[in-house]
Amino acid sequence: MTLTRAAGADVTTVPAAPLVEMRNISVAFGGVHAVRDVTIDLRPGEVVGLVGGNGAGKSTLIRTLSGAHKADSGEILINGESASIGNPREAKAYGIETIYQQLALADNIDAPGNMFLGRELTSRLGALDDAAMENATRKIMGRLNPNFRNFKVAVKSLSGGQRQSVAIARAVHFNARILIMDEPTAALGPAETAQVMGLVKQLKAEGIGIFLISHDIHDVFDLSDRISVMYHGRIVDTVDKTQVTTDEILGMIILGKKPGEATQKELAELH
Amino acid sequence: MTEAPATQVVTRDQPPPEAGGSLLAKLDIDGRMLGMIGALAIIWFVFNYMSDGNFLTPRNLWNLSVQSSAIAILATGMVLIIVSRNIDLSLGSLLGFLGYVMAMVQAIWIPTTFGLGYDQPYTWFLALAIGIVLGAIVGALQGVVVAYGGVPSFIVTLGGFLVWRGLIFRFDQGQTIAPMDKTFQIIGGAPGVGSAGELASWVIGIVACIAIVFSIVSSRRRRRAYGFPVRPTWALVTVIVASCGAVLVGVWEANHYYLPAGLATQYAKDHGIVEPAGGLLIPVGISWPVLLMIAVTLVMTVLATRRRFGRYVFAIGGNPDAAELGGINVRRTIVGTFALMGILCAISAAFLTARLNSAVTGLGVQSELYAIAAAVIGGTSFSGGIGTIPGAVLGAVVMQSLQSGMAIVGVDSPTQDVVVGAVLVGAVWLDVAIRRRTEA
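Residues numbered from 1 in each chain as written. Chains lettered and ligands numbered in written order. Predicted model: local features only at pLDDT ≥ 70, side-chain atom pairs only at ≥ 80, totals over all residues.

Peer 1: Honestly, the overall build of chain B in this entry has me stumped. Any pointers?
Peer 2: A count of helical and extended segments in chain B gives 16 helices and 0 strands. At 24 Å, chain B has a C-alpha radius of gyration in line with the 22 Å of a compact globule built from 440 residues. For chain B, the C-alpha atoms occupy an extent of roughly 90 × 55 × 45 Å along the three principal directions. If you take every contact in chain B between residues at least 6 apart in sequence, the share linking residues at least 24 apart comes to 79%. (Helix = DSSP H or I, 4+ residues; strand = E, 2+ residues; numbered from the N terminus. Rg over C-alpha atoms; globule rule 2.2 N^0.38 Å. Contact = placed C-beta atoms within 7 Å.)

Peer 1: Honestly, the overall build of chain A in this entry has me stumped. Any pointers?
Peer 2: The helix and strand inventory of chain A stands at 10 helices and 10 strands. A globule of 271 residues ought to have a C-alpha radius of gyration of about 18 Å, and chain A, at 19 Å, matches this closely. Of all 271 residues assigned to chain A, the portion counted as buried reaches 46%. Of the contacts formed within chain A by residues at least 6 apart in sequence, a portion of 64% connects residues at least 24 apart. (Buried ≥ 20, exposed ≤ 12 C-beta atoms within 10 Å, placed from the backbone.)

Peer 1: Help me out: how do you make sense of the sheet that holds strand β4 (residues 73-78) of chain A in this one?
Peer 2: Within a sheet, neighbouring strands are paired by backbone hydrogen bonds and run either parallel or antiparallel to one another. Residues and elements named next belong to chain A. Judged by pairing direction, the sheet is antiparallel, and its 4 strands sit side by side in the order β2-β1-β4-β5 without closing on themselves. Pairing within the sheet leaves two strands with one partner each, and these edge strands are β2 (32-42) and β5 (81-83). Strand after strand, the sheet turns through a mean of 30 degrees between neighbouring axes, direction not considered. Contacts from helix α2 (residues 58-66) reach β1 (20-29), β2 and β4 within the one sheet, and its direction differs from that of β1 by about 120 degrees. (Pairing = 2+ DSSP bridges. Axes fitted to C-alpha atoms, helices over the stretch in contact; angles between N-to-C directions.)

Peer 1: I would appreciate a short explanation of the interface of chain B and chain A in the present structure.
Peer 2: The accessible area lost on association of the parts is a frequent measure of interface size. Contacts between chain B and chain A engage 32 residues on the former and 34 residues on the latter. Of all the elements in the fold, those that place two or more residues in the side of chain B that touches chain A are α7 (198-225), α11 (308-318) and α12 (320-325) of chain B. At 6 residues, the largest contribution of residues to the side of chain B that touches chain A is made by α11(B).

Peer 1: What's the story with the pairing of strand β3 (residues 47-52) of chain A in this structure? I'm lost.
Peer 2: Consecutive residues of a regular strand have side chains that alternate between opposite faces of the sheet. Residue and element names in this part refer to chain A. The buried fraction of β3 amounts to 6 of the 6 residues, a majority that puts the element mostly inside the structure. Relative to strand β8 (residues 209-213), β3 runs parallel, the two sharing 4 bridges. Paired with valine 48 across the strands is phenylalanine 211, a residue of β8.

Peer 1: Honestly, the confidence of the model for chain B in this entry has me stumped. Any pointers?
Peer 2: Any segment with low pLDDT has predicted coordinates that should not be analysed in fine detail. Residue and element names in this part refer to chain B. On average, residues of chain B score 90 in pLDDT, and 95% of them are at 70 or above. Considering only residues more than four positions removed or in separate chains, one finds that residues 1-17, a stretch of pLDDT under 50, has 28 contacts. Confidence metrics for the complex model read pTM 0.87 and ipTM 0.83. (pLDDT = per-residue confidence, 0-100.)

Peer 1: Explain the packing of helix α6 (residues 160-173) of chain A against helix α7 (residues 190-205) of chain A to me, please; I cannot follow it from the model alone.
Peer 2: Describing two packed helices takes the angle between their axes plus the distance from one axis to the other. Residues and elements named next belong to chain A. One way to put it is that α6 packs onto α7 with a least axis distance of 9 Å and a crossing angle of 15 degrees. Classified by the angle their axes make, α6 and α7 are roughly parallel. As for the relative orientation of α6 and α7, their crossing is right-handed in sense. Contact with α6, carried on its side by Gly160, Gly161, Gln164 and Ile168, involves Glu192, Gln195, Val196 and Leu199 of α7 and no other residues of that element. For the contact of α6 with α7, the residue count by class is 3 nonpolar, 4 polar and 1 charged. (Parallel < 35°, antiparallel > 145°, perpendicular 65-115°, else oblique. Left-handed = near helix turned anticlockwise from the far one by under 90°. Nonpolar A, V, L, I, M, F, W, Y, C, P; charged D, E, K, R; others polar.)

Peer 1: Would you take a moment to explain the packing of helix α10 (residues 288-306) of chain B against helix α15 (residues 389-408) of chain B for this structure?
Peer 2: Residues and elements named next belong to chain B. Interhelical geometry of α10 versus α15 gives an angle of 145 degrees and a closest axis separation of 9 Å. Across the interface between the two elements, Thr297, Met300, Thr301 and Ala304 from α10 touch Ile389, Pro390 and Val393 from α15. Its residues assigned to classes, the contact of α10 with α15 comprises 5 nonpolar, 2 polar and no charged.

Peer 1: Looking at this model, I keep getting lost on the sheet that holds strand β6 (residues 96-99) of chain A. Mind explaining?
Peer 2: All names here are of chain A. In spatial order, the strands read β6-β7-β8-β3-β9-β10; together these 6 strands make up an open sheet with mixed pairing. The sheet terminates laterally at β6 and β10 (234-240), the two strands that pair on one side only. Mean inter-strand twist for the sheet, computed between neighbouring axes without regard to direction, equals 20 degrees. Note that strand β9 (residues 226-231) and β10 share 6 bridges and pair antiparallel. When the sheet's bridge partners are listed, tyrosine 231 is paired in β10 with arginine 234. Against the sheet, α6 touches β6 and β7 (178-182), its axis set at about 175 degrees to β6. The strands that α7 touches are β3, β7 and β8; relative to β8, the one it contacts most, it runs at about 150 degrees.

Peer 1: Help me out: how do you make sense of unusual backbone geometry in this one?
Peer 2: Glycine aside, a negative phi is what most residues show, and trans is what most peptide bonds show. Residue and element names in this part refer to chain B. Geometrically, the link from alanine 178 to proline 179 is a cis peptide bond, its omega value of -5 degrees lying close to zero. By the secondary structure assignment, proline 179 is in the loop between α6 (153-172) and α7. With phi around 55 degrees, glutamine 173 is a residue other than glycine that occupies positive phi space. With respect to the helices and strands, glutamine 173 occurs in the loop between α6 and α7. Residue class for glutamine 173 comes out exposed when judged on the 8 C-beta atoms lying within 10 Å of it. The phi angle at glutamine 366 is positive, at roughly 70 degrees, despite the residue not being glycine. Secondary-structure assignment places glutamine 366 in the loop between α13 (330-356) and α14 (367-377).

Peer 1: How do you make sense of the nonpolar core when you look at a structure like this?
Peer 2: Generally speaking, nonpolar side chains in soluble globular proteins are found buried as a group. All names here are of chain B. If you look at the biggest cluster of nonpolar residues, it comprises 180 residues, and the most contacted ones within it are Ala75 and Ala374. Examining the composition of this core, we find that 16 residues originate from one element, α13, more than from any other. Contact partners of alanine 374, with chain neighbours within four places excluded, come to Ile71, Ala72, Ala75, Ala392, Gly395, Ala396 and Met399. (Core = buried A, V, L, I, M, F, W, Y, C linked by C-beta atoms within 7 Å.)

Rendered as structure tokens:
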């Protein structure tokens, strides 16, 4: 196990109590077991990279945390207490915010409307307070993406990076403590990716726990503290980034074998 | 850790005080809306020219406004249904069914079944309340089957289309239900009893102008308070003058439509006035159904743009997944749009039964198709997420203008349908083409 490998390592930080613990989570669609008996945890100020091939179950697993799917079995603990997350609203109540691969924005609505979607600011009479929402959006964008100017147009006409910054601004504004980023840079160009990655580091420094799902192993290596590898619905292993090489992670993703189990021949064939 | 560019904080003390960009951006007017008003103006002037000035008369415009009301009221609800990627084919049948029930309440049930007699002071209210509540329930029921049952709205409302019309035939056996309550008839908008009269019309017009100025100025003040860009003063004044001018011209037109000679003579008799040689000129003023239509438009516009409900309807139409993930109760919102449509069916049914002074089996036939056409001509997109309430009302007025204009210049009724159908397709084609070019 990783723990034995990590025992001799120089541990500089005392692990904080887990922010999230997902225990023995299983999800099946019909007869297909997308996620089988997965246990994973996340600490404050930590980035846990979740990697695996297509259909490995990363997104399905994480969707049980964001409230988009229900787990068939297993338990989710937030700050050590059992949490019931049945829908996205309940997840948000636990401070869980999600930034999705497919850019979950309503294309026809402007940036403030999207940032506050489902949690609009209203006047005492229940009227939407667009001016207050625009004000809050301008403030947070001034911090996250100072070049952002288009507050009154439908987000459809914005670039991928601008749209993603709206999604991230939403998470930041509502004081996410647990952030799920599902392929946050999949739709972005290199400069925009760098911008989002910088943002991840900033949020991490603020003590937010982040699950980062990505295909890009270099992004994951760059940002993560620990990396969990999924293969055919199961966790192969969760490893400390400093204890493994990218080749070993690739071996876990492609072969489904832990670092010690894969032979040098098998690893060599990956290239 | 390197400092990423995204973490830099840039403070701008002084945001640009005035909105920049094109003329339309400065005026903060929807270009599509302006285009529609332009198209309507062209239609009006062409018909006026072809009919030797018989189109732009107070009398014709007054009739046009009343005739547009029923479809306009329905179209405001249809916008929300289509924006949320649904459709309602049942509303003509539902309108007929609600009209039948409301007519039964005032013509049979209260006077005969309960033996309370005609024209009781509560009759109009009971009939209307029963119609509206029933409309909301039936609409919500269809919405529940769509949202919770997962049956496509096209199918559910196609079923409703058959069910509600069938029930009218089943119950009324082809008979006409009449007469309507005297007070109830006011909403029918007949010249004389069904309109506000000269003074009230001016008062309503002036109050409307004050409300327009107040809302424009207060929204500008709010944006200023936050330091947001606002439109330049000349643009503000232009918009205020144009909107208030339109309101006052409308009132002036309605007040220059005088009671027809026969009704004026009757009026003179009733009020003990000696009729002068040239006949009495009694201004009719804005008719109640038109005021009702304007009120419905205002309420629906507020619902669509200033309330959570409307924001959610548009979000669902733009990206249903994003709406769901944003924590919006998508199903309940969809049920809401159908319930609202049911209420609007009841309001429209009240107007039509009062106007006919009876409920007939064929009441509201095809009005679902006209409501869809009005919404679509008014810029509502079938791909969802796009549409405005005032646009749909304007769409209804455009359709009615075409029909009554053609009638005035002597085009027969079948040909009118051909033209309106062609205009419907042409308008959407043009809209799609413009959208492709501007959003490419």
